[in-house]
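Analysis of the macromolecular model
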Amino acid sequence: MVKEKKERRNSLPELEASDVPGGVVMRIAPGPSGPLHLGHSRVAVLNDEYVKMSGGRLVNRFEDTNPEKVDPEAYHMIAEDLEWLGVDVHETVHQSDRFQRYYDVIRKLTEMGHAYICLCDSNDWREMKVACQACGCRGSGPEDNLERLDRLLSSHYSAGEAAAVVKTAVDHPNPALRDFIALRQVDHPHPRTGDRYNVYPMMNLSVAVDDHDFGITHVMRGKDHLNNTHRQGFIYDYLSWTRPVFIHYGLVSIPDTVLKTSVIGQGIKEGEYKGWDDVRVGTLRALRRRGISPEAIRRYWLEVGIKQVDVQVSWDNLFAINRDIVEPEAKRFFFVPEPVKVSVEFDGTTESSCPLHPDRPEMGVRRHSFQGDFQVHICSEDHEELRRKGMLRLKGLCNIESGETCRHAGDDKSVSRQGVRIVQWAPEGSLPAEVVMPDGGLTRGLVEPLDASPGDVVQFERFGFVRIESVDDGVRAVYAHR
RNA sequence: GCUCCCGUAGUGUAGUGGCCAAUCAUGAGGGCCUCUCGAGCCUUCGACCCGGGUUCAAAUCCCGGCGGGAGCACCA
């Protein structure tokens, strides 16, 4: 083995037991309550990457087992988000198609004496659990429990009255692992199954069953699921199923961003946010709008890896990766925020010339012609500099001297060595432009007529990289980063 | 309260007993270059949570602290 230290790591560590014939089978399991956000993208990218490394298969499993939390729009939004991320889904599964299967499994467990139907008040049940005590229902035999299960499944009870519980051990030292609920009744129509069912599985049942049924070889999830993994382990053991390899990565915290789907959804309803792609929120569609490329997100998560340490997302690092990807392709244009008009005395003809990309002359140049006196706009801060210093260089055009009106002062580029500031400018015929800033506010100004299409990421010189959103009588763009 | 997980620079990461007076990236400072405050080049700053032990040798193994996080839902 050749040691390759000093190299920036660009691949993930090998998975445990990854030499599966036909490649690993992995899954992502989004709850369809809204579109994907940056946090979700980690598990999606990592799973996808491992599947690709071994030529395996990736299952996208919609965990829509709580009808109260399903947003019917989310199914296709998530699919779109995954596609945008470049995640290859080989099979899509809806848990809402599989309720009967979960019922069958719980019936089996009940027959085996590993599950019971509890009719206790949920608070009492919880308190007894904390006290390591079994409730009255726990002791009843399989016969009685099967009878109760039938009643539960035939709407004999009302919601909250009965629940199917998987037995573990009431005196398990870890309180999180003492008996857990597997099925319960919810009287709420489901977007996909309507009111055909009203008994829904809890995730520990449905996840264990599905991971087994679909032959998942490796399960990757946040370490907040560590206890769920243990709970699901009981089901595997009771049914003599082989467990997949479980990998738990550390929790992700993402600063300065609203991530919680419910909070964003609420904000949209209340008019606080304009939609799921509002630049202030952390959804993938917001990041896409902001000109963050899916490759940058992928590279970012590959760099972070799958350690169990909690990580804090660094926007700086993500932006740096994005800049690296976007910079070589980004056309340069002049955008002038807070424009101030400057009249320039001039008695010749000239033409400005600025490259579309300073390091790639083959991309061409932008030109503007001038004859006689002319006017340009520069930003107010540069205008102050002009008054302070008396001179400014209009990049690619000429130098100007301040006065009553300004004066063309030659085209000697070397003035910059004497400390003359080189600035961007907007010629007559420029378009009004507004740039959506990360705080949701707008920066208005003028932009030179630009050869760019919606979706392009360009650089507004001395301002930053932006993603063009629309171009017609005016230009609308979204700020990405410096 | 109980249980579990984790602890390398501001951030992320490499490192699995000697090649570590610790890698790479990002960031911050300085310089060069460039008709952008972008890119590029050079350079500086900056970390093994603490304390014991094992060993000729510990970031790496063991024990104990401390710190951070998570779970103990009829959410996922």
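Quick notes on the rules
Residues numbered from 1 in each chain as written. Chains lettered and ligands numbered in written order. Predicted model: local features only at pLDDT ≥ 70, side-chain atom pairs only at ≥ 80, totals over all residues. Heavy atoms only, no water. Salt bridge = Lys/Arg side-chain N within 4 Å of Asp/Glu carboxyl O. Buried < 20%, exposed > 50% of the residue type's maximum accessible area, 1.4 Å probe, protein only. Helix = DSSP H or I, 4+ residues; strand = E, 2+ residues; numbered from the N terminus. Pairing = 2+ DSSP bridges. Axes fitted to C-alpha atoms, helices over the stretch in contact; angles between N-to-C directions. Contact = heavy atoms within 4.5 Å. Phe/Tyr/Trp six-rings, centres within 6.5 Å; stacked < 30°, edge-to-face > 60°. Lys NZ or Arg CZ within 6 Å of the ring centre and 35° of its normal. Arc of directions from axis to C-beta. Parallel < 35°, antiparallel > 145°, perpendicular 65-115°, else oblique. Left-handed = near helix turned anticlockwise from the far one by under 90°. Domains from an automatic or database assignment. Buried area = accessible area lost by both parts, 1.4 Å probe. Near = heavy atom within 4 Å. Polar contact = N/O pair within 3.5 Å; in protein donor to acceptor, adjacent residues only side chain to side chain.

Examining the pattern of salt bridges
A complete count under the given rule lists 42 salt bridges for this structure. Between Asp278 and Arg280 there is a salt bridge whose closest N-O contact spans 2.8 Å. Under the relative-accessibility criterion, Asp278 is labelled buried at 4%. A salt bridge links Glu434 to Arg444, with the shortest nitrogen-to-oxygen separation between them at 3.6 Å. Residue Glu434 is located in strand β23 (residues 431–436), and its partner Arg444 is located in strand β24 (residues 442–447); the two are separated by 10 residues in the primary sequence. What emerges from the salt-bridge pattern is a single network uniting Arg27, Arg61, Glu63, Arg98, Arg101, Asp210, Asp211 and Asp213.

Quick word on the sheet that holds strand β1 (residues 25–28)
Taking strand neighbours across the sheet as the criterion, the three strands line up as β1-β2-β3 in an open arrangement whose pairing is parallel. Each edge of the open sheet carries a strand with a single partner, namely β1 and β3 (91–94). Averaged over all neighbouring strand pairs, the angle between strand axes comes to 25°, with direction disregarded. For β1 and strand β2 (residues 57–62), the ladder comprises four bridges, and the chain directions are parallel. When the bridges of β2 are listed, Met26 appears paired with Leu58. Its contacts with the sheet put helix α1 (residues 38–54) on β1 and β2, and the angle it makes with β1 is roughly 165°.

Re the packing of aromatic side chains
What the rule picks out here adds up to 18 aromatic pairs. Here Phe335 and Phe460 contribute two aromatic rings whose centre-to-centre distance is 5.0 Å and whose plane-to-plane angle is 25°, an arrangement assigned as stacked. With a gap of 125 residues between them, Phe335 in strand β13 (residues 335–337) and Phe460 in strand β25 (residues 457–460) connect regions that are remote in the sequence. What makes Phe335 buried here is its relative accessible area of 0%. The class of Phe460 is buried, set by a relative accessible area of 0%. Through a chain of ring-to-ring contacts, the aromatic side chains of Phe99, Tyr102, Tyr103, Tyr197 and Tyr200 assemble into a single cluster. Across from the ring centre of Tyr75, 6.0 Å away, lies the NZ or CZ of Arg192, which sits over that ring.

Quick look at helix α12 (residues 380–389)
For α12, the full list of buried residues reads Asp382, His383, Glu385 and Leu386. Buried residues in α12, looked at end-on, bunch into an arc of 155°, giving them a common side. Opposite the buried face of α12, at more than 90 degrees from it, the exposed residues are Arg387 and Arg388. Residues of α12 that are buried in the fold lie against β14 (339–345), β17 (374–379), β18 (391–394), β19 (398–401), β20 (406–408) and β21 (422–423).

Focus: the packing of helix α10 (residues 294–304) against helix α11 (residues 315–326)
Between α10 and α11, whose axes approach to 9 Å, the crossing angle comes to 130°. What the angle tells us is that α10 and α11 run oblique. Here α10 runs over α11; the crossing is right-handed. Note on element contacts: α11 touches α10 through Asn317, Leu318, Ile321, Asn322, Asp324 and Ile325, opposite Glu295, Ala296, Ile297, Arg299, Tyr300 and Glu303.

Re the domain arrangement of chain A
Per the domain assignment, the segments making up chain A are domain 1 (25–97 + 206–318), domain 2 (113–194) and domain 3 (329–482). Of note, the centres of domain 1 and domain 3, computed from C-alpha atoms alone, are 42 Å apart. Contacts between the two partners involve seven residues from domain 1 and, on the opposite side, 13 residues from domain 3. Regarding the contact of domain 1 and domain 3, the summed buried area is about 770 Å², with carbon and sulfur atoms giving 53% of it. Its largest share of buried area at the contact with domain 3, domain 1 owes to Val279, Arg289 and Arg290, together 64% of the area lost on that side.

Details of the sheet that holds strand β5 (residues 163–166)
The strand order across the open sheet built from four strands is β4-β5-β6-β7, with neighbouring strands paired in antiparallel fashion. Two strands lie at the open edges of the sheet, namely β4 (115–118) and β7 (199–201), each paired on one side alone. When strand polarity is set aside, the average angle formed by the axes of neighbouring strands in this sheet is 25°. Where β4 lies against β5, four bridges are found, and the strand directions are antiparallel. Pairing of Cys118 across the sheet is with Ala163, part of β5.

Regarding the protein's contact with RNA strand B
Taken together, 57 residues lie around RNA strand B, and Asn317, Asp359, Lys395, Arg462 and Arg482 are the ones closest in. Counting only the atoms of RNA strand B that lie within 4 Å of the protein, the sugar and phosphate share comes to 70%. Note that a phosphate oxygen of RNA strand B is positioned 3.2 Å from one of the backbone N or O atoms of Met203. Contacts to RNA strand B include Arg332, whose side-chain N or O atom sits 2.9 Å from a base oxygen.

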